[in-house]
Amino acid sequence: MRGFSTNAIHAGQAPDPTTGAVITPIHPSSTFVQDGVGGLRAGGYEYSRSANPTRTALQECLAALEGGRHAVAFGSGMGASDVLMRVLLKPGDHVVIPHDAYGGTFRLVDKILVQWGVEYTPVDLGDVDALRAALRPSTRLVWCETPTNPLLGIADIAALADVAGTAGARLVVDNTFASPYLQNPLALGADVVLHSTTKYVGGHSDVVGGALVTGDDELAQQLLFTQNSVGSVPGPFDAWLTLRGVKTLALRMERHSDNAERIVELLGGHRAVEKVLYPGLPEHPGHEVAAKQMRRFGGMVSFLVAGGRDAALRVCSATEIFTLAESLGGVESLIEHPGAMTHASVAGSALEVPDNLVRLSVGIEDVEDLADDLRTALDVAG
Ligand SMILES: *Cc1c(COP(=O)(O)O)cnc(C)c1O
């Protein structure tokens, strides 16, 4: 089996047989010539909602990176989540979601799926017994994120797969925060992996996309059928940009992890910081599990500001290199206040986050510039 970066650069991306182009072409064509009425299609393609060659290249690459037989690329991470939930859940079914699920995932379940009779329970999936207690005979799906957003909790994927499997439920892992370089949930027993490729996979904050990866042939056919029916496909240029980004994923994740470790060290020693949340810290409750299932601990760091909500808001506005913005996983460093920004939609619910919480997406800039920027912001605003 080839190594990660060899797959990132070559899987699904052989030189173009007609022109010799080394880089996968962008195929904007919406339709493809047919050999005859009802006959074979010349190149295996028919219409670009159903399939498109640039998208196929991306799918083959992502399947190789997650160690799954099939990948399906989507127009966004939420498009992927929507199709997966529609395939796996029927009216009356029950789904377990993380108690600090990505806000958009919570909204999809809480505002859309409940209208169709789906029931859900938010659970701290860092606690396997809590999952056992939440399971019902109607539980069809356990939806897991690890590390979680924005509290960076860790769930034991192999243990959850065991419990879910025994109960006849599927385990889906949203692997967006780790990226396929740091963690491969299918190898740990998960049934499906989800990515918002908008984040680390694309890596340059210039494209929105999503993907599902699975080793299950029948499930893959159902996903493709439903995607073709509802139309949540990525455009060929988006697929191409994602392919361009993913080639450097291993290099980027190593640097994100290096830089995050240095930032964690700085935060841990600053008087304006009450607590640092990072799975690489030995005192993090999920540290041992993270060390077992992840290659490194990644570029996401959250912390609680000692001075409360106002101080946290001031810190978010005081940095210069860390840009105040939602999203994550790009080469540039970002800072945000989850309570007022990414997680505003869960205020007042079981998923509410502390109001003195700040989340960093540590980029790949020169780390001492990042450390100086953050130290200055904490000195003056914290
Ligand atoms: C961004 C994100 C999503 C949603 O993906 P989009 O591409 O924004 O639709 C899902 N899960 C996690 C963990 C995310 O960070």
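These figures come from a predicted structure and were not determined experimentally. Every chain is numbered independently, its residues counted from 1 as its sequence is written. Two thresholds apply to this predicted model, a pLDDT of at least 70 for residue-level local features and 80 or more for giving and counting side-chain atom pairs, whereas whole-chain, interface and lining totals are computed over all residues. With hydrogens and water set aside, each side-chain value is computed from the structure's full complement of heavy atoms.

Q: Give a description of empty space enclosed by the protein that names residues and reports values.
A: With a 1 Å grid laid over protein atoms only, a set of points is called a cavity when a 1.4 Å probe fits there but cannot get out and a pocket when it is open yet has protein on both sides within 12 Å along at least five of seven lines; lining residues have an atom within 4 Å of a point. Grid points are joined across faces, edges and corners, and a volume is the space filled by probe spheres set on the points. Overall, the coordinates contain 1 cavity of 30 Å³ or more when judged by the stated rule. Reported here for the largest cavity is a volume of approximately 40 Å³. Lining the largest cavity are Leu58, Ala73, Phe74, Thr197, Val208, Gly209, Gly210, Pro234, Asp238, Ala239 and Thr242. Helix and strand assignments follow DSSP, with helices taken as H or I runs no shorter than four residues and strands as E runs no shorter than two, numbered in order from the N terminus. Of all elements in the fold, only strand S1 (70–74) and helix H9 (236–246) reach the threshold of two or more residues within the lining of the largest cavity. If one sorts the elements of the lining of the largest cavity by residue count, H9 sits on top with 3 residues.

Q: I'd like a description of the site of the ligand, backed by residues and values.
A: Ser76, Gly77, Met78, Tyr102, Asp174, Thr176, Ser196, Thr198, Lys199, Gly209 and Leu328 make up every residue found near the ligand. Lysine 199 has a polar side-chain atom sitting 2.7 Å from an oxygen atom of the ligand. What sets the accessible areas is the Shrake-Rupley method with a 1.4 Å probe; for residues, cover comes only from the shown protein chains. Expressed as a share of its isolated accessible area of 380 Å², the protein-covered part of the ligand is 92%. Each residue receives one of three labels: charged for Asp, Glu, Lys and Arg, nonpolar for Ala, Val, Leu, Ile, Met, Phe, Trp, Tyr, Cys and Pro, and polar for the others, Gly being one of them. Residues that form the shell around the ligand fall into these classes: 3 nonpolar, 6 polar and 2 charged. To be near a molecule or strand, a residue needs just one of its heavy atoms within 4 Å of it. Counted as a polar contact is a pair of N or O atoms within 3.5 Å, where, for protein atoms, one must be capable of donating a hydrogen and the other of accepting one, and residues adjacent in sequence contribute only when both atoms are in side chains.

Q: Hey, could you go over the pattern of salt bridges for me, with residue numbers and the actual values?
A: By definition, a salt bridge exists where a carboxyl oxygen of Asp or Glu is found within 4 Å of a side-chain nitrogen of Lys or Arg. This model, assessed by the stated rule, comprises 15 salt bridges. Here aspartate 82 and arginine 86 are joined by a salt bridge, their closest N and O atoms 2.8 Å apart. Here aspartate 82 and its partner arginine 86 are both found in helix H3 (residues 77–88), 4 residues apart, which amounts to about one turn of the helix. A relative accessible area of 44% places arginine 86 in the partly exposed class. Of the charged contacts in the structure, one is a salt bridge between glutamate 254 and arginine 296, with a shortest N-O distance of 2.7 Å. We call a residue buried when its accessible area falls under 20% of the maximum for its residue type, exposed when it is over 50%, and partly exposed in between, using a 1.4 Å probe and counting protein chains only.

Q: With reference to specific residues and values, describe the sheet that holds strand S9 (residues 300–305).
A: If DSSP finds at least two bridges between two strands, the strands pair. Ordered by their spatial adjacency, 5 strands build an open sheet running S8-S9-S12-S11-S10, and the pairing between neighbours is mixed. Each edge of the sheet is formed by a strand with only one pairing partner; in this case those strands are strand S8 (273–277) and strand S10 (323–324). Sheet analysis places S9 next to strand S12 (residues 357–361), joined by 5 bridges and oriented antiparallel. Its bridge partner being in S12, methionine 300 is matched across the sheet by serine 361. Seen against the sheet, helix H12 (residues 308–318) touches S9, S10, strand S11 (334–336) and S12 and runs at an angle of roughly 135° to S9. In this description, contact between two residues means that some pair of their heavy atoms is separated by no more than 4.5 Å. Helix axes use the C-alpha atoms of the stretch in contact, all axes being lines fitted to C-alpha atoms, and the angles between their N-to-C directions lie in the range 0 to 180 degrees.

Q: Requested: an account of the nonpolar core, with residues and values cited.
A: By size, the foremost hydrophobic cluster in this structure holds 60 residues, and its most contacted members are Leu267, Val301, Phe303, Leu360 and Leu374. Looking at this core, the element that brings in the most residues is helix H10 (residues 249–268), giving 8 residues. Either an automatic procedure or a domain database provided the assignment from which the domain bounds are taken. Counting the residues that make up this core, at least three belong to each of domain 1 (4–246) and domain 2 (250–381). Leave out the neighbours within four places in its chain, and leucine 374 touches Ile263, Leu266, Leu267, Thr319, Phe322, Ile335 and Leu360. By nonpolar core we mean a set of buried residues, namely Ala, Val, Leu, Ile, Met, Phe, Trp, Tyr and Cys, connected to one another through side-chain atoms within 4.5 Å. Residues Leu113, Val118, Trp143 and Leu351 belong to the second largest nonpolar core, which totals 27 residues.

Q: Break down the packing of H3 against helix H8 (residues 217–230) for me, with residues and values.
A: Packing of H3 against H8 brings their axes to within 9 Å, and their N-to-C directions diverge by 120°. The hand of the H3/H8 crossing is right-handed. For the pair H3 and H8, contact is made by Val83, Leu84, Arg86, Val87 and Leu88 and by Leu219, Gln222, Leu223, Thr226, Gln227 and Val230, respectively. Here the residues of the contact of H3 with H8 are counted per class, giving 7 nonpolar, 3 polar and 1 charged. Here a crossing is taken to be left-handed if its near helix is turned anticlockwise relative to the far helix by less than a right angle, and right-handed if that turn runs clockwise.

Q: Could you give me a rundown of the pairing of strand S7 (residues 210–214), with the residues and numbers involved?
A: The buried count for S7 comes to 5 of 5 residues, which makes it a mostly enclosed element. Judged by which residues are buried, S7 turns out to be covered on both faces: Gly210, Leu212 and Thr214 on one side and Ala211 and Val213 on the other are all buried. Examined bridge by bridge, S1 and S7 share 5 bridges and lie antiparallel to one another. Across the sheet, alanine 71 pairs through a bridge with valine 213, a residue of S7. As paired strands, strand S6 (residues 192–196) and S7 are joined by 5 bridges and run antiparallel to one another. Looking at S7, one finds that valine 192 is bridged to threonine 214.

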